[in-house]
Amino acid sequence: MSTRYSSSSSSSSSGGIGFVGLLTIVFITLKLLNVINWSWWWVVSPIWITASLVLITVVLGFIGYLIYRALRRNK
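For the structure given in this document, a descriptive report is provided here. Throughout, residues of each chain are indexed from 1 in the direction in which the sequence is written. In keeping with the model being predicted, local features are shown solely for residues with a pLDDT of at least 70 and side-chain atom pairs are shown and tallied solely at 80 or more, while totals for entire chains, interfaces and linings include all residues. Working from all heavy atoms in the structure, the side-chain values ignore hydrogens and water.

Structural notes on helix α2 (residues 19-32)
The periodicity of an α-helix, 3.6 residues per turn, causes residues three or four places apart in sequence to face the same way.
Then, number 1: What counts as a helix is a DSSP run of H or I of at least four residues, what counts as a strand is a run of E of at least two, and both are numbered from the N terminus. To estimate how far a helix should extend, the number of its residues minus one is multiplied by 1.5 Å. With 14 residues, α2 should reach 20 Å at 1.5 Å per residue; the first-to-last C-alpha distance of 20 Å fits that figure.
Then, number 2: Among all positions in α2, only Thr24, Phe27 and Lys31 are buried. In an axial view of α2, the angular spread of the buried residues amounts to 65°, which keeps them on one side of the axis. Opposite the buried face of α2, at more than 90 degrees from it, the exposed residues are Phe19 and Leu32.
Then, number 3: Contacts from the buried residues of α2 go to α3 (40-43) and α4 (45-73).
Then, number 4: Asn34 lies just past α2 and shows a positive phi near 60°. In this scheme, a residue with accessible area under 20% of its type's maximum is buried, one over 50% is exposed, and one in between is partly exposed, where area comes from a 1.4 Å probe on protein chains only. Taking the helix axis as origin, the arc is that swept by the directions to the C-beta atoms. Two residues qualify as a contact provided that any one of their heavy atoms is within 4.5 Å of a heavy atom in the partner residue.

Below, the structure written as structure tokens:
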């Protein structure tokens, strides 16, 4: 007896918009309605701040890996 699974039941995906996306949409809406008088840099700041934090984390992880590899090689 064979059991067949559909691809929709065996895969999980997160749907919807995240906090950063929602915050960006709120800021853009407020800017376009002239409720806030911020620079566009600050309106889209949730996106670039998040991207910067991810990039910093990746760079620090890579530096940590290089240090670990160098210390392990010296033993």
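Considering the packing of aromatic side chains
Then, number 1: Under the pairing criterion, centres of Phe, Tyr and Trp rings, with the six-membered ring standing for Trp, must be within 6.5 Å; the plane angle then separates stacked pairs below 30 degrees from edge-to-face pairs above 60, leaving the rest tilted. In this structure the tally under the stated criterion is two aromatic pairs.
Then, number 2: Aromatic side chains Phe27 and Trp38 sit 5.0 Å apart centroid to centroid with 75° between the ring planes, which places their arrangement in the edge-to-face category. One end of the pair, Phe27, is in helix α2; the other, Trp38, is in the loop between α2 and α3, and eleven residues separate them in sequence.
Then, number 3: Here Trp42 and Trp48 contribute two aromatic rings whose centre-to-centre distance is 5.9 Å and whose plane-to-plane angle is 50°, an arrangement assigned as tilted.
Then, number 4: Classification of Trp48 as partly exposed rests on a relative accessible area of 34%.

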